[in-house]
Amino acid sequence: MGEGKPFFITTPIYYVNDRPHIGHAYTTLACDVLARFKRLEGFNVRFLTGTDEHGQKVEKSARAAGLAPGDFTDQVSQNFRDLAKTMGFSNDDFIRTTERRHILACQALWNELVQRDQIYLGRYAGWYSVRDEAFWGEDELSMGPDGGRLAPTGAAVEWVEEPSYFFRLSRWQEPLLRLYEARPDFIAPDSRRNEVISFVRMGLSDLSVSRTTFTWGVPVPGDAGHVMYVWLDALANYLTALGYPETGGVFARHWPADLHMVGKDIVRFHAVYWPAFLLAAGLAPPRRVFAHGWWTNEGQKISKSVGNVIDPLALVERYGLDPVRYFLLREVPFGNDGDFSHRVLVNRMNGELANEFGNLAQRTLSLIERQCAGRVPEPGDFLPEDETLLTAAHGLLERVRPVLDRQAFHEALDILWSVVRGSNGYIDRQAPWALRKTNPARMATVLYVLAETLRHLGLLMLPFVPGSAGRLLDQLAIAPAARTFAAVGPAGALSAGTPLPKPHGIFPRFTV
RNA sequence: GGCGGAGUAGCUCAGUGGUAGAGCAGGGGAAUCAUAAUCCCUUGGUCGGGGGUUCAAAUCCCUCCUCCGCUACCA
């Protein structure tokens, strides 16, 4: 496993001021499926997630909670580790920006940028709203009744000037455009790529990368009055986790990242600022950034003020982990926005998992249990209809791989289900329960073909529904060592005569 | 305002020049091994409106309508 080709995949680090919601679960889930898939293919995978713990809002929340910022983030970052556990995420590391390794990495990156003349000290000036904690552009402001300027949010703004370090982003406009041009799959989906390119084409000016208005952040080396801009701090986590500033070993093997998975709201930071920082520091930009969509809740936009935030832990509690994982990736073409609905989730869970797939496994395994003395049946010669189904099962990996390489989870599941549906058609046409009396040898062959097909479905579903797929493979007596994509195809076929455990349901139906 | 995307069956979507597709939902039938699950058949669309190119357009061009995204320093 450690010998395989490297694969480095990341989630954004999550801002601890938020409570974990379905969006966090969704992003990490997508990465988890890819990480598991690559591991089954033999890649040397590093799957990274973590928490972003600096910034003014955290500092303020900590104060409101009567805690030191460090104690506060210790508490709230635990929520995200709990989420990872509940969702069955297989991350290899969990990084926190308050860790010493990260602060050292950030400062090393900063020094590198300074040495390369990519950062200089200037002044940042603009209209600042204390209430919004944000700067607003001149053209966004309106005049209030008393002649004062107002932000679009209605908050009063004041002219603020502070010393600030700037990153020479303006120098990187052309190199970035060349990068996007040379690597069409650097940003996905295409709609986001277009947006990023047009954004960069409009021109880039230097970026303020330090703040003096708060202290909860990574201190700027050599200037204790400043802390680093949160995004420079946050993005650097991807380097920290590979041991930066040490650039040999793990770093040399796994950088650049194969995929940064992000929500569509932060695509700019990952597809513009981040590659610019890296190029400026003499490091390679990541290979790909995928910006996925957002969920609505029963047709309504999700917002904290409306109070319709979806808690992934509650979903798992109610429906079970694998149905939730399956639904999130099956329901929506990945990259699009999607609508969460209990009714639709239950439809998918019952219709596809329980009825089509779970019941297929159950009827097949029950027949083997009862008609074949609970052992893998001995197949005879395969007929064309047997070959058709087996060929489809054997070909699943080759069909699913390219689809997952472009993060099309819904298509991958669609491909898997084409074989599930094919199997249901096959079992009905072959009717092994009728062959039992007329042609037991033929019945054995049919059940063998079905068991082999189930083995492939189980293997390919491991990344998506690891618990359920694992239970299916248990029932086929597949040894742990054989749960890898190396076992796909006839070479890894089930041995006739292998005793099987008593079958039991893989996917329960949901009933109220 | 500028740039970009989308509008196809009740719902979610596929389909980029050659007689309109899938899944779900609806209707009918078969089977009874199985988590009353499954299988087969089937109703349903003038492909947003209008104009044009072409032997032929959902697919190319023009125009209009509607919806959505982006339009720099909160994350």
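The coordinates are above.
The structure presented is a predicted model; accordingly, all values stated were derived computationally and were not measured.

## Some points on the overall build of chain A
Argument step 1. Of the regular secondary structure elements, chain A holds 19 helices and 17 strands.
Argument step 2. Based on the C-alpha atoms only, the size of chain A along its principal axes is roughly 90 × 50 × 40 Å.
Argument step 3. Taking all 512 residues of chain A together, the buried fraction comes to 55%.
Argument step 4. For chain A, the accessible area works out to roughly 21,600 Å², and carbon and sulfur atoms hold 52% of it.
Argument step 5. Charge separation in chain A, taken as the distance between the mean sites of 54 positive and 57 negative side-chain charges, equals 4 Å.

## With respect to the side chain of D93
Argument step 1. One can find D93 in strand 3 (residues 93-96).
Argument step 2. Contacts of D93, omitting those with residues within four sequence positions, involve R46, F47, L48, T49, R101 and A241.

## Observations regarding the sheet that holds strand 12 (residues 219-220)
Argument step 1. Ordered in space as 11-13-12, the 3 strands form an open sheet in which the pairing is antiparallel. Since the sheet does not close on itself, it has two edges, and those belong to strand 11 (210-211) and strand 12, each with one partner.
Argument step 2. Packing of helix 4 (residues 100-115) onto the sheet brings it into contact with strand 11, strand 12 and strand 13 (223-228), and relative to strand 13 it is tilted by some 105 degrees.

## Some remarks on the protein's contact with RNA strand B
Argument step 1. Neighbouring residues of RNA strand B: 40 residues in total, closest E195, S205, R268, N359 and F507.
Argument step 2. Counted by atom, the contact set of RNA strand B within 4 Å of the protein is 65% sugar and phosphate.
Argument step 3. Contact distances for RNA strand B include 2.8 Å between a sugar or linking oxygen and a side-chain N or O atom of D428.
Argument step 4. If you list the elements that add at least two residues to the surface near RNA strand B, you get helix 6 (190-201), strand 10 (207-208), helix 7 (230-235), helix 10 (267-280), helix 13 (342-371) and helix 16 (409-430).
Argument step 5. Here the element with the most residues in the surface near RNA strand B is helix 13; it accounts for 9 residues.
Argument step 6. Taken together, the residues of the surface near RNA strand B sort by class into 16 nonpolar, 11 polar and 13 charged.

## Focus: the environment of F290
Argument step 1. Within the secondary structure, F290 is located in strand 15 (residues 289-292).
Argument step 2. The class for F290 is buried, based on a relative accessible area of 3%.
Argument step 3. Placed 90 residues apart in sequence, F290 and V200 show a C-alpha to C-alpha distance of 18 Å.
Argument step 4. Apart from the residues lying within four places of it in its own chain, the contact partners of F290 are A188, P189, L259, H260, M261, V262, F334, G335, R406 and Q407.

## A word on unusual backbone geometry
Argument step 1. Residue A188 is joined to P189 through a cis peptide bond whose omega torsion reads -5 degrees.
Argument step 2. As for its placement among the helices and strands, P189 is situated in the loop between strand 9 (187-188) and helix 6.
Argument step 3. Backbone torsion omega between Y244 and P245 reads 10 degrees, so that peptide bond is classified as cis.
Argument step 4. Relative to the assigned elements, P245 resides in the loop between helix 8 (237-240) and helix 9 (249-254).
Argument step 5. The phi dihedral of A431 is positive, around 45 degrees, even though this residue is not glycine.
Argument step 6. Looking at the element boundaries, A431 is found in the loop between helix 16 and helix 17 (432-438).
Argument step 7. Look at A431 and you get buried, because its relative accessible area is 14%.

## Some thoughts on the pattern of salt bridges
Argument step 1. This model, assessed by the stated rule, comprises 29 salt bridges.
Argument step 2. The shortest N-O distance in the salt bridge between R101 and E99 comes to 3.1 Å.
Argument step 3. The partly exposed category is assigned to R101, whose relative accessible area is 29%.
Argument step 4. What makes E99 partly exposed here is its relative accessible area of 23%.
Argument step 5. A salt bridge links R421 to E356; the shortest N-O distance between them is 3.2 Å. On the criterion of sequence distance, the pair formed by R421 in helix 16 and E356 in helix 13 is long-range, its members being 65 residues apart.
Argument step 6. Connected through salt bridges with shared partners, the residues D32, R36 and R325 form a single ionic network.

## Some points on the pairing of strand 14 (residues 259-263)
For a regular strand, side-chain orientation follows a simple rule: the groups alternate between the two sheet faces.
Argument step 1. The buried fraction of strand 14 amounts to 5 of the 5 residues, a majority that puts the element mostly inside the structure.
Argument step 2. Here strand 14 shows two buried faces, one formed by L259, M261 and G263 and the other by H260 and V262.
Argument step 3. When strand 1 (residues 6-15) meets strand 14, the two strands line up parallel, connected through 2 bridges. Within strand 14, the position partnered with T10 by the bridge is H260.
Argument step 4. When strand 14 meets strand 15, the two strands line up parallel, connected through 4 bridges. Across the sheet, residue V262 finds its bridge partner in strand 15, namely A291.
Argument step 5. Once the chain exits strand 14 it traverses helix 10 before rejoining the sheet at strand 15, and the crossover so formed is right-handed.

Analysis parameters
Numbers given to residues run from 1 along each chain, matching the order in which its sequence is written. The lettering of chains begins at A and the numbering of ligands begins at 1, in the order of writing. Selection of residues for local features in this predicted model requires a pLDDT of at least 70, selection of side-chain atom pairs for listing and counting requires 80 or more, and totals for whole chains, interfaces and linings are taken over all residues. Remark: hydrogens and water are excluded; side-chain values derive from all non-hydrogen atoms of the structure. Only DSSP runs of H or I covering at least 4 residues are called helices, and only runs of E covering at least 2 are called strands; the numbering of each starts at the N terminus. The buried label applies to any residue whose accessible area, calculated with a 1.4 Å probe on protein chains only, is under 20% of its type's maximum; exposed applies above 50%, and partly exposed to all values in between. Residue burial considers only the protein chains on display, and all accessible areas are found by Shrake-Rupley using a 1.4 Å probe. We treat Lys and Arg as the positive residues and Asp and Glu as the negative residues; His and chain ends play no part in the count. Charge placement uses NZ in Lys and CZ in Arg. For Asp and Glu, CG and CD serve respectively. For this analysis, residues touch if any pair of their heavy atoms sits within 4.5 Å. Two strands qualify as a pair provided that DSSP identifies no fewer than 2 bridges between them. Here, axes are lines fitted to C-alpha atoms. For helices the fit covers the stretch in contact, and angles between N-to-C directions go from 0 to 180 degrees. To be near a molecule or strand, a residue needs just one of its heavy atoms within 4 Å of it. Counting of polar contacts relies on pairs of N or O atoms within 3.5 Å, with two restrictions inside protein: one atom must be capable of donating a hydrogen and the other of accepting it, and residues adjacent in sequence are counted only when both atoms are side-chain atoms. Gly counts as polar in this scheme, as do all residues outside two lists: the nonpolar Ala, Val, Leu, Ile, Met, Phe, Trp, Tyr, Cys and Pro, and the charged Asp, Glu, Lys and Arg. Think of a salt bridge as a Lys or Arg side-chain nitrogen and an Asp or Glu carboxyl oxygen that are within 4 Å of each other. The handedness of a crossover follows from its direction of travel: if, with the strands pointing away from the viewer, the path from the first strand over the helix to the second runs clockwise, the crossover is right-handed.

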